[in-house]
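# Examination of the molecular architecture
Here is how the chains run, residue by residue.
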Amino acid sequence: MQHSTVRIRVNGDVREAPVESRLLLVHFLRDVLGLTGTHIGCDTTSCGACVVLVDGRAVKSCTMFAVQADGREVGTIEGLAQDGVLHPLQEAFHVEHGVQCGFCTPGMIMGALPFVEENADPTDEEIRRAISGILCRCTGYANIVNAVRRGARTLHGLPVDGAGAMTSRHGAETGPGSTDQPPGPHG
Ligand code: FES
Ligand code: FES
């Protein structure tokens, strides 16, 4: 079996290890580096539970070989909180209860992160499109949309309402059970 050495910067730390060339990035993160916050829901590019940042872009880490990440910057959910303080987007998921079982949450947050960094006050439609490549099995999309909106506004210093008051706008259907899942950018 052919081996290569992969050297990446993960959450600011340089990590290096020999891997089989066929090893997926998600398995490298979880099994070699021990970063199990990145989840595996399907292994077939469908669910988005495995989304991480690669050079700042949201990527399904089950779609990349570890060797393809060699020399690149990778961000995982473990790197978001700083000195015990949650990132505003994490805090927003907490306040808005954008979590049920939590299985999709690391992928949901990492997938939404580049979006909220670029969008201070997104509409429901924009949020839903941004997270459309990431599936929540619990179908808690209403609270997730509210959480992403709160995270975006907080990150950009805009005022936010009380928990549960970040209601959907523009008439979008965001309630639990919604099956509106157009193809997303996280491929
Ligand atoms: Fe489901 Fe990667 S594990 S998309
Ligand atoms: Fe359960 Fe999303 S909170 S899969």
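Heads up: the structure comes first, above all this text.
As a starting point, this report considers the structure included with it. All chains use their own residue numbering, which begins from 1 and follows the written sequence. To read the labels, note that chains go from A and ligands from 1, taken in the order they are written. Local features in a predicted model are, by the rule used here, given only for residues with pLDDT of at least 70; side-chain atom pairs are given and counted only at 80 or more, and totals for whole chains, interfaces and linings are based on all residues. To get the side-chain values, all heavy atoms of the structure are used, and hydrogens and water are removed first.

### Points about unusual backbone geometry
Negative phi characterises most residues that are not glycine, and trans characterises most peptide bonds. One non-glycine residue with positive phi stands out, namely aspartate 55, at about 50 degrees. In the Ramachandran plot, histidine 97 falls in the positive-phi region, its phi being about 55 degrees despite a non-glycine side chain. Here a helix means four or more residues in a row that DSSP labels H or I, a strand means two or more in a row labelled E, and each is numbered from the N terminus. In this fold, histidine 97 is placed in the loop between α2 (88–95) and α3 (105–118).

### Some thoughts on the sheet that holds strand β3 (residues 51–54)
For two strands to be treated as a pair, DSSP must find at least two bridges joining them. If you trace the 5 strands from one edge of the open sheet to the other, you get β2-β1-β5-β3-β4, paired in mixed fashion. Looking at the sheet topology across the chains shown, the edges are occupied by β2 (13–20) and β4 (57–60). Strand-to-strand, the axes of this sheet are offset by a mean angle of 40 degrees, without reference to chain direction. Relative to β2, strand β1 (residues 3–10) runs antiparallel, the two sharing 8 bridges. Across the sheet, residue valine 6 finds its bridge partner in β2, namely alanine 17. Residue contacts are counted whenever heavy atoms from the two residues lie within 4.5 Å of one another. Helix axes use the C-alpha atoms of the stretch in contact, all axes being lines fitted to C-alpha atoms, and the angles between their N-to-C directions lie in the range 0 to 180 degrees. Of the strands in this sheet, β1, β2, β3 and β5 (73–75) are in contact with helix α1 (residues 25–32), which crosses β1 at around 75 degrees.

### Focus on helix α5 (residues 141–155)
An expected span of 1.5 Å times one less than the residue number is assigned to each helix. Counted at 1.5 Å a residue, the expected span for α5 with its 15 residues is 21 Å, and the 21 Å between its end C-alpha atoms agrees. For the exposure calls, accessible area comes from a 1.4 Å probe over protein chains only, and a residue counts as buried if that area is under 20% of its type's maximum, exposed if over 50%, partly exposed in between. Of all 15 residues that make up α5, 12 are buried, and the element is covered over most of its length. Listed in full, the buried residues belonging to α5 are Tyr141, Ala142, Ile144, Val145, Asn146, Ala147, Val148, Arg149, Arg150, Gly151, Ala152 and Arg153. Its buried side turned inward, α5 meets α2, α3 and α4 (124–130). Looking one or two residues beyond α5, the residue adopting positive phi is glycine 157, at roughly 75 degrees.

### Side note on the environment of glutamine 90
Residue position: glutamine 90 is located in helix α2. Exposure remark for glutamine 90: the relative accessible area of 13% places this residue in the buried category. For the pair glutamine 90 and isoleucine 77, spaced 13 residues apart in sequence, the C-alpha to C-alpha distance is 9.3 Å. Among residues more than four places away in sequence, those in contact with glutamine 90 are Ile77, Leu80, Ala81 and Ile109.

### Remarks on the nonpolar core
To form a nonpolar core, buried Ala, Val, Leu, Ile, Met, Phe, Trp, Tyr and Cys residues must be joined to one another through side-chain atoms within 4.5 Å. Phe93, Met108, Ile144 and Val148 are the most contacted members of the largest nonpolar core, which totals 26 residues. Broken down by secondary-structure element, the contributors of at least two residues to this core are β3, α2, α3, α4 and α5. Broken down by element, this core gets its largest block of residues, 7 residues, from α3. Shared between two domains, this core holds at least three residues of each, these being domain 1 (3–79) and domain 2 (88–174). Look past the residues within four positions of valine 148 in its chain and what remains in contact with it is Leu89, Phe93, Ala112, Phe115, Val116 and Ile127. Domain start and stop points were drawn from an automatic or database domain assignment.

So, to be careful, I would describe these as geometric facts and stop short of saying anything about function.
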